[in-house]
Amino acid sequence: MRAGLAALAALLLATPGLADASRLRTQYSGVVNLNDATADQLDLLPGVGAKAAQRIIEHRTRRRFQRVEELVRVKGFGKKRFLKLKPHLSLDGPTTLRVEQVLPPPEGKEVVATSR
C-alpha cells in the first residue's frame, strides 16, 4: 500500500503541470466600486462571500459610501478585514477587479518592481 502511494506521489510530481497546479496562488488586481458593484462583483473581493456582499448592498441603499473607510460600519467588517480589502476598494469609476490563479515566483527569487 505504501509503495503504491509513493509511486503515485512520484508520478504526480514528475508530471508537468500537476505539481504546479497545487502551488497556484490567487492574485487580485483592480478595484471594486463600493457604491455601484453588484453582489457578484463584491463577492470577488478576498474574504467576502455572498452574505457579506449583500450586507454591503443593504448598507449603501440606506446611505451611499462617502469614504471607503466607512466599510467598517457594515456588520462583519472590522479594521483588520478593511485593511486587507482597502487596496481593492474605490468609490468612483468602474469595477475592474480580476482574480487570477498564478504560480508563485521561484524559491529564492524575489520579484522586485523597478521604475525607470
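Just so it is clear, the structure is predicted and the values come from calculations on it, not from any experiment.

1. Considering the overall build of the protein chain
Then, number 1: Of regular secondary structure, the protein chain possesses 5 helices and 4 strands.
Then, number 2: Here the contacts in the protein chain between residues at least 6 apart in sequence split such that 59% fall between residues at least 24 apart.
Then, number 3: Total accessible area on the protein chain is roughly 8,400 Å²; 56% of this is exposed by carbon and sulfur atoms.

2. Considerations on helix H4 (residues 50–62)
Then, number 1: Compared with an ideal rise of 1.5 Å per residue, which puts 13 residues at 18 Å, H4 spans 19 Å between its outermost C-alpha atoms and is within 8% of the ideal.
Then, number 2: Residues of H4 that are buried: Ala52, Ala53, Ile56, Ile57, His59 and Arg60. Down the axis of H4, the buried side of the element spans an arc of 160°, and every buried residue falls inside it. Exposed residues on H4 whose side chains face more than 90 degrees from its buried face are Ala50, Lys51, Thr61 and Arg62.
Then, number 3: In this fold, the buried residues of H4 make contact with helix H3 (39–43) and helix H5 (79–85).

3. Describing the pattern of salt bridges
Then, number 1: In the structure shown here, the tally under the stated rule is 4 salt bridges.
Then, number 2: Residue Asp36 is joined to Arg64 by a salt bridge in which the shortest nitrogen-to-oxygen separation is 3.4 Å. Note that Asp36 is positioned in the loop between strand S2 (32–33) and H3 and Arg64 in the loop between H4 and H5, a separation of 28 residues in sequence.
Then, number 3: Across the pair Lys86 and Glu69 runs a salt bridge, and its minimum N-O distance is 3.7 Å. Within this pair, whereas Lys86 is found in the loop between H5 and strand S3 (89–90), its partner Glu69 is found in the loop between H4 and H5, the two being separated by 17 residues in sequence.
Then, number 4: What makes Lys86 partly exposed here is its relative accessible area of 38%.
Then, number 5: Judged by relative accessible area, Glu69 falls into the partly exposed class, the value being 29%.
Then, number 6: When salt bridges with common partners are traced through the structure, they connect Arg67, Glu69 and Lys86 into a single cluster.

4. Focus: the packing of aromatic side chains
Then, number 1: Throughout the structure, instances matching the rule amount to 0 aromatic pairs.
Then, number 2: Positioned above the aromatic ring of Phe77, the side-chain terminus of Arg81 is 4.3 Å from the ring centre.

5. Side note on the nonpolar core
Then, number 1: Counting residues in hydrophobic clusters, the biggest one holds 19 residues, and the most contacted among them are Leu34, Leu42, Leu45, Ile56, Leu71, Phe77 and Leu89.
Then, number 2: Mapped onto this core, the elements with two or more residues apiece are H4 and H5.
Then, number 3: Considering every element that reaches this core, the biggest residue donor is H4, with 4 residues.
Then, number 4: Leaving out residues up to four positions away in the same chain, Leu89 has contacts with Val31, Val32, Leu34, Leu45, Val68, Leu71 and Phe82.

6. Description of the side chain of Glu70
Then, number 1: Relative to the helices and strands, Glu70 resides in the loop between H4 and H5.
Then, number 2: In this structure, Glu70 is buried with no salt-bridge partner, the nearest side chain bearing the opposite charge being Arg73 at 4.2 Å.

7. Observations concerning the confidence of the model for the protein chain
Then, number 1: Of the residues in the protein chain, 74% reach a pLDDT of 70 or more, and the chain-wide mean stands at 83.
Then, number 2: Per-element mean pLDDT across the protein chain ranges from 49 in helix H1 (residues 2–14) up to 97 in H4.

How each quantity is defined
Residue numbering note: each chain is counted from 1, following its sequence as written. Thresholds applied to this predicted model are a pLDDT of at least 70 for local features of residues and 80 or more for the giving and counting of side-chain atom pairs; totals over whole chains, interfaces and linings are not thresholded and use all residues. Side-chain numbers here rest on the full set of heavy atoms in the structure, without hydrogens or water. Counting from the N terminus, the helices are the DSSP runs of H or I reaching at least four residues and the strands are the DSSP runs of E reaching at least two. Residues are treated as being in contact if the distance between any of their heavy atoms lies within 4.5 Å. Shrake-Rupley sampling with a 1.4 Å probe provides the accessible areas, and residues are treated as covered by the protein chains on show and by no other component. Each residue after the first adds 1.5 Å to the expected span of a helix. Remark: exposure states derive from per-residue accessible area (1.4 Å probe, protein chains only) relative to the maximum for the residue type, with buried under 20%, exposed over 50%, and partly exposed in between. When we speak of the arc, we mean the arc of directions from the helix axis to the C-beta atoms. Here, a salt bridge means any side-chain nitrogen of Lys or Arg that lies within 4 Å of a carboxyl oxygen of Asp or Glu. Within 6.5 Å between ring centres, the rings of Phe, Tyr and Trp (the latter by its six-membered ring) count as paired, and their orientation is classed by plane angle as stacked under 30 degrees, edge-to-face over 60, tilted in between. Only when the NZ atom of a Lys or the CZ atom of an Arg is both within 6 Å of the ring centre and within 35 degrees of the ring normal do we say a charge sits over the ring. Only buried Ala, Val, Leu, Ile, Met, Phe, Trp, Tyr and Cys residues count toward a nonpolar core, and they belong to the same one when joined by side-chain atoms within 4.5 Å. The charged-residue count follows a simple rule in which Lys and Arg add positive charge and Asp and Glu add negative charge, with His and chain termini not counted at all. pLDDT gives the predictor's per-residue confidence on a scale running from 0 to 100.

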